[in-house]
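Overview (structure and organization)
Each chain is listed here by its residues.
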Amino acid sequence: MAIRKKSNKNPPLLSHEFVLQNHADIVSCLAMLFLLGLMFEITSKAAIVFVALQYNVTRPATEEQATESASLYYYGFKDLATVFFYMLVAIIIHAIIQEYVLDKINRRMHFSKTKHSKFNESGQLSVFYLFSCVWGTFILISENYISDPTILWRAYPHNLMTFQMKFFYISQLAYWLHALPELYFQKTKKEDIPRQLVYIGLYLFHIAGAYLLNLNHLGLVLLVLHYFVEFLFHISRLFYFSDEKYQKGFSLWAVLFVLGRLLTLILSVLTVGFGLARAENQKLDLSTGNFNVLAVRIAVLASICITQAFMMWKFINFQLRRWREHSAFQAPPLKRKPAMTKGRSSRKGTENGVNGAVTSNGADSPRNRKEKSS
């Protein structure tokens, strides 16, 4: 009997892993086609659009930078092809992390189905948030964003980007686009799909908005700040799955989450509401990428404020639910005291009552009414 039970449990897991591996193989073969296209002269011009960053210009050396010229980039329609290729790369990396790290831990820990999906989600996102946070911080330090905060709005529009800046945004768009087919690859439950689509859509909307409106400096700072807080939450959830007594990480995350929302609003208002509002050039110019007009500034601030309010509302509901669950778990069971009555009515109450409580049939019986009237 033990052998039959074991054989019945294993096939669903193996079939699920086979489906994931099959899709990963197809995607990896497709990505290899683009790389092989670089080797032949006929296909190299088409393949390089997918693999390499496009729209580069060379800025000549100045007196401050007399050693070498700088290569900068701007955006265009060909970036869609580059995003598509790196979306395939993100799917492959996702499958590697799932197969060689998360699945092995799941087999050892024997999680339930609910914990299994949440563990996979937190495992994937914690790796991505950590990598993006470190990469974004490196860009902030290398381009002196931390030492000079006025660079967030000074010399707008920031239509020319360094290689690291553009590759960072291409990678971010590719990762969140890859999350859409992963909903099918990971066999996500139908009730979880709306929640996943909401936060994937919010990420794509804000990252693409910062990229297209040439607000890449502000977007980078806000992404690093947000990713750090989210990394702390998902790494705390991973520790919680290993030991349910671990709660300190969630307490620290709750404090940093509120501070992160406040800093996001302060930086957004400071950059868009004050810095760009006082700039000299406030005319819409698509050729130079200047979107510094009143309507765009209001739309940017409104989208940021609404998103932060939505996140705070979800956060408050999450904390209230946790507090109710914790208080219900800690509350001692209440003991009911038997009702004290006199004479025959007490006996009648115990006969007609449940656990010492008088029922309506016994309390309103004709015999009791007669005794009361006498």
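Calculation rules
- Residues numbered from 1 in each chain as written.
- Predicted model: local features only at pLDDT ≥ 70, side-chain atom pairs only at ≥ 80, totals over all residues.
- Heavy atoms only, no water.
- UniProt positions renumbered as here; feature names shortened; annotations may be inferred.
- pLDDT = per-residue confidence, 0-100.
- Contact = heavy atoms within 4.5 Å.
- Patch = residues over 30% accessible without salt bridge, like charges linked within 9 Å, V, L, I, M, F, W, Y side chains within 5 Å.
- Areas by Shrake-Rupley, 256 points an atom, 1.4 Å probe, with all protein chains shown as cover.
- Salt bridge = Lys/Arg side-chain N within 4 Å of Asp/Glu carboxyl O.
- Lys, Arg positive; Asp, Glu negative; His and termini not counted.
- Charge placed at Lys NZ, Arg CZ, Asp CG, Glu CD.
- Helix = DSSP H or I, 4+ residues; strand = E, 2+ residues; numbered from the N terminus.
- Axes fitted to C-alpha atoms, helices over the stretch in contact; angles between N-to-C directions.
- Parallel < 35°, antiparallel > 145°, perpendicular 65-115°, else oblique.
- Left-handed = near helix turned anticlockwise from the far one by under 90°.
- Nonpolar A, V, L, I, M, F, W, Y, C, P; charged D, E, K, R; others polar.
- Buried < 20%, exposed > 50% of the residue type's maximum accessible area, 1.4 Å probe, protein only.
- Polar contact = N/O pair within 3.5 Å; in protein donor to acceptor, adjacent residues only side chain to side chain.
- Expected span 1.5 Å × (residues − 1).
- Bend = angle between axes of the 7 residues up to and from the residue.

- The protein chain appears in an unreviewed UniProt entry as Translocating chain-associated membrane protein from Cricetulus griseus.
- In its Subunit (unreviewed entry) section, UniProt records this for the protein chain: "Interacts with SEC61B. May interact with Derlin-1/DERL1."
- Comment text from UniProt for the protein chain, heading Subcellular location (unreviewed entry), reads "Endoplasmic reticulum membrane".

So, the confidence of the model for the protein chain
- In this model, the protein chain carries an average pLDDT of 82, and 80% of its residues clear a pLDDT of 70 or more.
- With pLDDT under 50 throughout, residues 1-15 is counted as low confidence; its partners more than four residues away or in other chains account for 0 contacts.
- Confidence drops under a pLDDT of 50 for residues 341-374, and excluding neighbours within four residues, the segment shows 18 contacts in the predicted structure.

Describing a positive patch on the surface
- Residues Lys113, Lys118, Lys189, Lys314 and Arg321 make up a contiguous surface patch of positive charge.
- Secondary structure elements with two or more residues in the positive patch: α4 (113-142) and α9 (294-330).
- Here Lys189 shows up in the loop between α5 (163-185) and α6 (193-212).

Considerations on the UniProt feature "transmembrane region" (unreviewed entry) in the protein chain
- Mapped onto the present numbering, the UniProt feature "transmembrane region" (unreviewed entry) falls on residues 30-53, 83-102, 123-147, 167-185, 197-214, 220-240, 252-274 and 294-316.
- The distance from the first to the last C-alpha atom of residues 123-147 is 33 Å, and the span holds 80% helix and 0% strand.
- Helix makes up 100% of residues 220-240 and strand makes up 0%, while its end C-alpha atoms are separated by 30 Å.

Observations regarding the packing of helix α3 (residues 79-109) against α5
- Contact geometry of α3 with α5 gives a least axis separation of 7 Å together with a crossing angle of 55°. Considering their axes alone, α3 and α5 lie oblique with respect to each other. The way α3 lies across α5 gives a crossing that is right-handed. Where α3 abuts α5, its residues Asp79, Thr82, Val83, Tyr86, Met87, Ala90, Ile91 and His94 lie against Lys166, Phe167, Ile170, Leu173, Ala174, Tyr175, Leu177, His178, Pro181, Glu182 and Phe185.
- For the contact of α3 with α5, the residue count by class is 13 nonpolar, 3 polar and 3 charged.

Quick notes on the side chain of His158
- Position of His158 among the secondary structure elements: in the loop between α4 and α5.
- Looking at His158, the relative accessible area reads 6%, which means it is buried.
- A distance of 2.8 Å separates a polar side-chain atom of His158 from the backbone oxygen of Arg154.
- In contact with His158, other than residues within four places in its own chain, are Ile151, Leu152, Trp153, Asn214, Asn216 and His217.

Here we look at unusual backbone geometry
- With an omega of 10°, the peptide bond between Tyr156 and Pro157 qualifies as cis.
- Looking at the element boundaries, Pro157 is found in the loop between α4 and α5.
- Its identity as a non-glycine residue notwithstanding, Ala155 has a phi of 60°, on the positive side.
- Along the chain, the position of Ala155 falls in the loop between α4 and α5.
- Accessibility expressed as a relative area gives 62% for Ala155, which makes it exposed.
- Not every positive phi belongs to a glycine, and Asn214 is a case in point at roughly 60°.
- With respect to the element layout, Asn214 can be found in the loop between α6 and α7 (216-242).
- A relative accessible area of 1% places Asn214 in the buried class.

Describing the packing of α4 against α6
- Where α4 meets α6, the axes come as close as 15 Å, and the angle between the chain directions of the two elements is 10°. Regarding the angle of α4 to α6, the classification is roughly parallel. Between α4 and α6, the contacting residues are Glu121, Leu125 and Tyr129 on the first element and Arg195, Gln196, Tyr199 and Tyr203 on the second.
- Of the residues in the contact of α4 with α6, the class split is 4 nonpolar, 1 polar and 2 charged.

Regarding the pattern of salt bridges
- Scanning the model with the defined rule gives 4 salt bridges in all.
- Between Asp79 and Lys166 there is a salt bridge, with its nearest N and O atoms 3.1 Å apart. Taken together, the residues span a long stretch of sequence, with Asp79 in helix α3 and Lys166 in helix α5 at a distance of 87 residues. Accessibility assignment for this pair places Asp79 and Lys166 in one class, buried.
- Here Glu121 and Arg237 are joined by a salt bridge, their closest N and O atoms 3.6 Å apart. In this pair, Glu121 sits in helix α4 while Arg237 sits in helix α7, placing the two residues 116 residues apart along the sequence. For the pair formed by Glu121 and Arg237, the shared burial category is buried.
- Residues joined in a network through salt bridges with shared partners are Glu121, Arg195 and Arg237.

Here's the deal with α5
- The terminal C-alpha atoms of α5 lie 32 Å apart, and with 23 residues this matches the ideal 33 Å at 1.5 Å per residue to within 8%.
- Along its length, α5 reaches its greatest deviation from straightness, about 30°, at Ala179, and the proline Pro181 lies no more than four positions downstream.
- Downstream of α5 by a residue or two, Lys187 has a phi angle that is positive, lying close to 55°.

What to know about the environment of Met87
- On the secondary structure map, Met87 appears in helix α3.
- Once residues lying within four places of it in the same chain are set aside, the contact partners of Met87 are Ala174, Leu177 and His178.

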